[in-house]
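Spelled out, the chains give:
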Amino acid sequence: MAADVGHVDAAAVVGSDRVRRRRSGLLSYVPGFVFILALYIIGKFVFTDPRATLIDFAGYKLAWVEVLLLAAAIVAMAEQVKVAKPGVNNTTEVLLMGAIAIIQLLLFALAAAKVQVLGIFDNTEFLMLTLINLAQTAVAYQINSATLMRTISSS
């Protein structure tokens, strides 16, 4: 009988996970770094100098790449919050985050190996975006694992 109660709790967790996903749609699966990667590619074609001042506010000058790095840091924190919901299995989201991080790492490695088509990825700015993404993916994996362990142990 006690084992059946555990299965009911597990079923409730899975059921609530399905309800959450139905409400938010497929867009909830898209990692935030897909948008950061798109902004980076667009920015490389729009701005000729990545260090040129984009915003000058009260003497503080920000280049577009600095704004992009700030956006990447904010997205990284939001992604970590996204996977920290107790009782919800966010393994799919974490794996997709990891896939984007691996794609970024491959783009950088191939660009560093002088594959000409991927030359826009061979710079410090893209390396920093890749490192932010790799770090947030590792932390998101740990958060999701800890959240799932707490959910399982409390059942």
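What you are looking at is a predicted structure, and each value in this text was computed from that prediction instead of being measured.

With that settled, consider the confidence of the model for the protein chain. For the protein chain, the average pLDDT comes to 84, and 83% of its residues sit at 70 or higher. The low-confidence segment residues 1-13, where pLDDT is below 50, has three contacts with residues more than four positions distant or belonging to other chains.

Time to look at helix α3 (residues 64-82). Structural remark: α-helix, 3.6 residues per turn; residues separated by three or four positions point the same way. Along its 19 residues, α3 runs 26 Å from first to last C-alpha, staying within 8% of the 27 Å computed at 1.5 Å per residue. If you check which residues of α3 are buried, you get W64, V65, L68, A72, A76, E79, Q80 and K82. Buried residues of α3, viewed axially, fall in a sector of 150°; they line one side. Away from the buried face of α3 by more than 90 degrees, exposed residues L70, M77 and V81 are located.

Looking now at the pattern of salt bridges. Under the criterion given, the structure shown has three salt bridges. Here K82 makes a salt bridge to E79, at a shortest N to O gap of 3.6 Å. Linking K82 with E79, this pair stays in helix α3, spanning three residues, or about one helical turn. What makes E79 buried here is its relative accessible area of 6%. With a closest N to O distance of 2.8 Å, D122 and K114 form a salt bridge. K114 sits in the exposed class, given a relative accessible area of 60%.

Attention now goes to the pairing of strand β1 (residues 53-57). Both β1 and strand β2 (residues 60-63) contribute to a ladder of four bridges, which runs antiparallel. Within the sheet, the bridge partner assigned to D56 lies in β2 and is K61. The hairpin turn running from β1 into β2, its antiparallel successor, is two residues long, and A58 in that turn takes a positive phi close to 50°.

As a further point, take the packing of aromatic side chains. When we look at a pair of aromatic rings, we describe it by the centre distance and by the angle of the planes. On inspection of all chains with the given rule, the structure shows five aromatic pairs. Between the aromatic rings of Y40 and W64, the centroid separation amounts to 6.3 Å while the plane-to-plane angle is 40°, which identifies the pairing as tilted. Pair noted here: Y40 is in helix α2 (residues 32-46) and W64 is in helix α3, with a separation of 24 residues, a long-range link. As far as burial versus exposure is concerned, Y40 and W64 are alike and both buried. Among the aromatic side chains, those forming a connected cluster through ring pairs are Y40, F47, W64, F121 and F126.

Right, let's talk about a nonpolar patch on the surface for a bit. On the surface, a nonpolar cluster with roughly 650 Å² of combined accessible area is contributed by I42, V46, F47, L54, I55, F57 and L62. Looking at the nonpolar patch, the elements that each hand over two or more residues are α2 and β1. Of the residues forming the nonpolar patch, the biggest block, three residues, is contributed by β1.

A few words on the nonpolar core. Core analysis: the biggest nonpolar cluster contains 18 residues, and F33, I36, Y40, L68, F121, F126 and L129 have the highest contact counts within it. Put simply, the parts of the chain that give this core at least two residues each are α2, α3, α4 (91-112) and α5 (124-154). Looking at which element gives the most residues to this core, the answer is α3, with five residues. Non-local contacts of Y40, meaning those with residues more than four positions away in its chain, are made with W64, L68, I120, F121, N123, E125, F126 and L129.

The rules behind the values
- Residues numbered from 1 in each chain as written.
- Predicted model: local features only at pLDDT ≥ 70, side-chain atom pairs only at ≥ 80, totals over all residues.
- Heavy atoms only, no water.
- pLDDT = per-residue confidence, 0-100.
- Contact = heavy atoms within 4.5 Å.
- Helix = DSSP H or I, 4+ residues; strand = E, 2+ residues; numbered from the N terminus.
- Expected span 1.5 Å × (residues − 1).
- Buried < 20%, exposed > 50% of the residue type's maximum accessible area, 1.4 Å probe, protein only.
- Arc of directions from axis to C-beta.
- Salt bridge = Lys/Arg side-chain N within 4 Å of Asp/Glu carboxyl O.
- Pairing = 2+ DSSP bridges.
- Phe/Tyr/Trp six-rings, centres within 6.5 Å; stacked < 30°, edge-to-face > 60°.
- Patch = residues over 30% accessible without salt bridge, like charges linked within 9 Å, V, L, I, M, F, W, Y side chains within 5 Å.
- Areas by Shrake-Rupley, 256 points an atom, 1.4 Å probe, with all protein chains shown as cover.
- Core = buried A, V, L, I, M, F, W, Y, C linked by side-chain atoms within 4.5 Å.

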